[in-house]
Amino acid sequence: MNARGWRRVLELLPRYLVLIPFAALFAFPFYWMVVISLGTLQSVFVFPPILYPLMHWENYLTALGLMADPSTGDYLNIPWARYFLNTVIVATGTTGLVLITSVLGGYAFASVPFPGKTLIFGLVLAVYMVPTEVTLVPNFIILAKLNWIDSYEAQIVPFGASVFGIFLMRQFFLGLPKDLWESAQLDGSGHFRFLWLIAAPLARPPIVTIALFNFVASWNAFLWPLIVTNSDSYRPVQVGLQAFSYADATNPVLHAAGSLMVTLPILIMFLLAQRQIIGGIAASGIRG
Amino acid sequence: MISPAMTLLIVFVIIPALWIFWLSFQRWDLISGTSDYIGTANFERLLLRDDVFRKAVWQTVYFVAGTVPTSMGLGLFLAVLLNKPMPFRNFLRTVIFTPYVMPIVSTALIFSFIYHPDVGALNAALNVFGLPKVRWLDSPQAIMPAIIIYSVWQHTGYNTVIFLAGLSNLPPELDEAARVDGARAWTRFWRVTWPLLSPTTYFVFLINLVASFKVVQPILIFAGGVGGATSGGGGPDKAAETIGYYLYVQAFSFFHAGYAAAISVVLFLIILAITGLQVGFFSRRVFYR
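1. What to know about the overall build of chain B
So, step 1. Helix and strand counts for chain B stand at 12 helices and 2 strands.
So, step 2. Secondary structure of chain B in N-to-C order comes out as α-β-β-α-α-α-α-α-α-α-α-α-α-α.
So, step 3. By principal-axis analysis of the C-alpha atoms, chain B measures approximately 75 × 55 × 40 Å.
So, step 4. Taking all 289 residues of chain B together, the buried fraction comes to 46%.

2. Structural notes on the overall build of chain A
So, step 1. From N to C terminus, chain A includes 14 helices and 0 strands.
So, step 2. Ordering the α and β elements of chain A from the N terminus gives α-α-α-α-α-α-α-α-α-α-α-α-α-α.
So, step 3. Computed over the C-alpha atoms, the radius of gyration of chain A is 24 Å, more than 25% above the 19 Å expected from 2.2 N^0.38 for a compact globule of 288 residues.
So, step 4. Across its three principal directions, the C-alpha atoms of chain A cover 75 × 70 × 35 Å.

3. Quick look at unusual backbone geometry
So, step 1. Cis geometry is adopted by the peptide bond preceding Pro48(A), which originates at Phe47(A) and carries an omega value of -5 degrees.
So, step 2. On the secondary structure map, Pro48(A) appears in the loop between α1 (3–37) and α2 (58–63).
So, step 3. Unusually for a residue other than glycine, Met55(A) sits at a positive phi of about 65 degrees.
So, step 4. Inspection of the secondary structure puts Met55(A) in the loop between α1 and α2.
So, step 5. Using a count of 9 C-beta atoms within 10 Å as the deciding quantity, one classes Met55(A) as exposed.
So, step 6. Of note in this structure, Asp237(B) is not a glycine but carries a positive phi near 55 degrees.
So, step 7. Within the secondary structure layout, Asp237(B) lies in the loop between α10 (217–223) and α11 (243–252).

4. Considerations on the interface of chain A and chain B
So, step 1. At the interface, 74 residues of chain A touch 75 residues of chain B.
So, step 2. Considering only residue class, the side of chain A that touches chain B consists of 57 nonpolar, 15 polar and 2 charged.

5. Quick word on the packing of helix α3 (residues 80–111) of chain A against helix α1 (residues 3–23) of chain B
So, step 1. Interhelical geometry of α3(A) versus α1(B) gives an angle of 115 degrees and a closest axis separation of 7 Å. Counting all contacts with α3(A), which are made through Ile100(A), Thr101(A), Leu104(A) and Gly105(A), the residues of α1(B) involved are Pro4(B), Ala5(B) and Leu8(B).
So, step 2. Counted by class, the contact of α3(A) with α1(B) contains 5 nonpolar, 2 polar and no charged residues.

6. Considerations on the confidence of the model for chain B
Residue and element names in this part refer to chain B.
So, step 1. Per-residue pLDDT for chain B has a mean of 90; in total, 93% of the residues score no lower than 70.
So, step 2. By mean pLDDT, the top-scoring element of chain B is helix α3 (residues 51–82) (96), and the lowest-scoring one is helix α12 (residues 257–288) (79).
So, step 3. Here the predicted complex scores 0.92 on pTM and 0.91 on ipTM.

7. A look at the environment of Leu223(A)
So, step 1. Inspection of the secondary structure puts Leu223(A) in helix α11 (residues 223–228).
So, step 2. Here the alpha-carbon distance between Leu223(A) and Gln238(A), two residues 15 residues apart in the chain, equals 9.4 Å.
So, step 3. Those residues within four positions of Leu223(A) in sequence are excluded, and the remaining contacts are Val216(B), Gln217(B) and Leu220(B).

8. Let's talk about the nonpolar core
So, step 1. Of all hydrophobic cores here, the largest spans 155 residues; its most connected members are Val137(A), Ile143(B), Ile147(B), Ile219(B), Phe222(B) and Ile263(B).
So, step 2. Sorting elements by how many residues they give to this core places helix α7 (residues 143–168) of chain B first, with 14 residues.
So, step 3. There are two domains that each give this core at least three residues, and those are domain 1 (3–63) and domain 2 (80–247) of chain A.
So, step 4. The residues contacting Val137(A), other than those within four sequence positions of it, are Ile20(B), Leu23(B), Ala251(B), Ala257(B), Ala260(B), Ala261(B) and Ser264(B).

9. Notes on α1(A)
So, step 1. Along its length, α1(A) reaches its greatest deviation from straightness, about 45 degrees, at Ala27(A), and the proline Pro29(A) lies no more than four positions downstream.
So, step 2. Along α1(A), the positions that sit buried rather than exposed are Leu19(A), Ala23(A), Phe26(A), Pro29(A), Phe30(A), Trp32(A), Met33(A), Val35(A), Ile36(A) and Ser37(A).

10. Side note on the packing of α3(B) against helix α9 (residues 185–213) of chain B
All names here are of chain B.
So, step 1. Contact geometry of α3 with α9 gives a least axis separation of 10 Å together with a crossing angle of 140 degrees. On the basis of their axis angle, the class for α3 and α9 is oblique. As for the relative orientation of α3 and α9, their crossing is right-handed in sense. Taken together, the residues of α9 that come into contact with α3 (itself represented by Thr60, Phe63, Val64, Thr67, Val68, Ser71, Met72 and Val80) are Phe189, Val204, Phe205, Asn208, Leu209, Ser212 and Phe213.
So, step 2. The residue makeup of the contact of α3 with α9, split by class, is 10 nonpolar, 5 polar and no charged.

11. Considerations on the environment of Val57(B)
So, step 1. Within the fold, Val57(B) resides in helix α3.
So, step 2. In this structure the C-alpha to C-alpha distance between Val57(B) and Glu241(B), which are 184 residues apart in sequence, comes to 8.3 Å.

12. Some thoughts on the environment of Phe45(A)
Residues and elements named next belong to chain A.
So, step 1. Relative to the helices and strands, Phe45 is located in the loop between α1 and α2.
So, step 2. With 14 C-beta atoms packed within 10 Å, Phe45 lands in the partly exposed category.
So, step 3. Between the C-alpha atom of Phe45 and that of Val237, which follows or precedes it by 192 residues, the distance is 27 Å.

The rules behind each value
- Residues numbered from 1 in each chain as written.
- Chains lettered and ligands numbered in written order.
- Predicted model: local features only at pLDDT ≥ 70, side-chain atom pairs only at ≥ 80, totals over all residues.
- Helix = DSSP H or I, 4+ residues; strand = E, 2+ residues; numbered from the N terminus.
- Buried ≥ 20, exposed ≤ 12 C-beta atoms within 10 Å, placed from the backbone.
- Rg over C-alpha atoms; globule rule 2.2 N^0.38 Å.
- Contact = placed C-beta atoms within 7 Å.
- Nonpolar A, V, L, I, M, F, W, Y, C, P; charged D, E, K, R; others polar.
- Axes fitted to C-alpha atoms, helices over the stretch in contact; angles between N-to-C directions.
- pLDDT = per-residue confidence, 0-100.
- Core = buried A, V, L, I, M, F, W, Y, C linked by C-beta atoms within 7 Å.
- Domains from an automatic or database assignment.
- Bend = angle between axes of the 7 residues up to and from the residue.
- Parallel < 35°, antiparallel > 145°, perpendicular 65-115°, else oblique.
- Left-handed = near helix turned anticlockwise from the far one by under 90°.

Here it is, written out as structure tokens:
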């Protein structure tokens, strides 16, 4: 390395000396999840704790119910596959629905004149101020009236429209050149045809951002599914994991294995798409 | 074209948001669905006679005061350090941000083991520094700090990312000019960066404030079973009771929908007051542009 390179390293060194320990602190719980999940019931109750993983991979087989739990001799019977399937159905369904409502709504607010538009868009923005926590009770009553308690619909439909999504799509469509629509009109195409064939395919970046955000949010959803599901047939994996940790409170090794299985898919997805996700978060902050 | 979105927003957000005001004047059993009008009785009980709610209000304020400044300060500190082209910058940012997008059930489960009084990693770390063991989740003094630490861990990365975006939008010339004038890094930060960053800081502050005031999920996971399920959880001596969690318990453990709606109204008014500040602020900002 040349002199300039060394100077740069020396200049940056204090930053790294602060940043690396902090990054280690932030990453520690994930590392700890791995360490505990690969330990034994004895090894994780040692003080001070053993800081490296013991590589008992069979814990995962036990957590999945493929191997008897050595401490009790019983097979765990947790319908992980069902939970994961439920989560995938809910996350995909919610994401799909949000995309449809956001693209249609965002396009209409950007490009279609209709009476009361400003007022209705103001109403949409006002919705942003209503946190889901506040509407838990009436929403539960509405779902009960619809006979949707313990169903996929209960976990998908209430989250099917997103103010953030509508807003993002509207911003994008507002930025489209007007002559695109004018020439499409000359060809005799209406709004739906134009949106489907030209505008929506151009809108890939915001569509990807909205899809990622909603997929992550519904994969991680916990409070609402806890309230509206009561059977394994519709429980998502988050609620399943919580039920598992409550039912068998004594075995942290298996909890850690379960936690890791639930975290891993979303972690991988996040790492693959981190540029879009972090970029989207940053953009939402700048735009407000 | 707007009807799919509007139908969903009206049925699942606007009607419920208005309905809580009507519900809060009812005695409404969530299981049987029976209801009768009882006037302001829910509010009288809630605001004048309910000791748990009073505790919940104070503990919520405690949680907000513990979480918001810490995760904002730390977020800004890390953003300033990362705001420079350097090797591994993206990697470090990703590591710090990751907790924000991870499922809360799994991370809270791991934290509850890190907080284990006898063999937990946190007490082991304290032990290294010669500090005594703390019964994190089962002592009334320590449970709220434990939940605050978890929330700071979870939220700091979000603040870092927003602050980084704000920092990268600042005109570099001003900082450069101050540097040429011989201002030290500390002075440059307080005199140049901090005032210019204030719109971002204000935005982050309000977002954090709203998110912390309505906190439910970490409380539910760390303290939902502590203190006995029949008593509604909330930790030893209800030390982790918050407004949002109390609302959840009243509605879905005790099925007092009317009473829970009254709590929702109070929480909603708090959030509206905070977002009202935000709207006022943004209309000013738009005006300046």
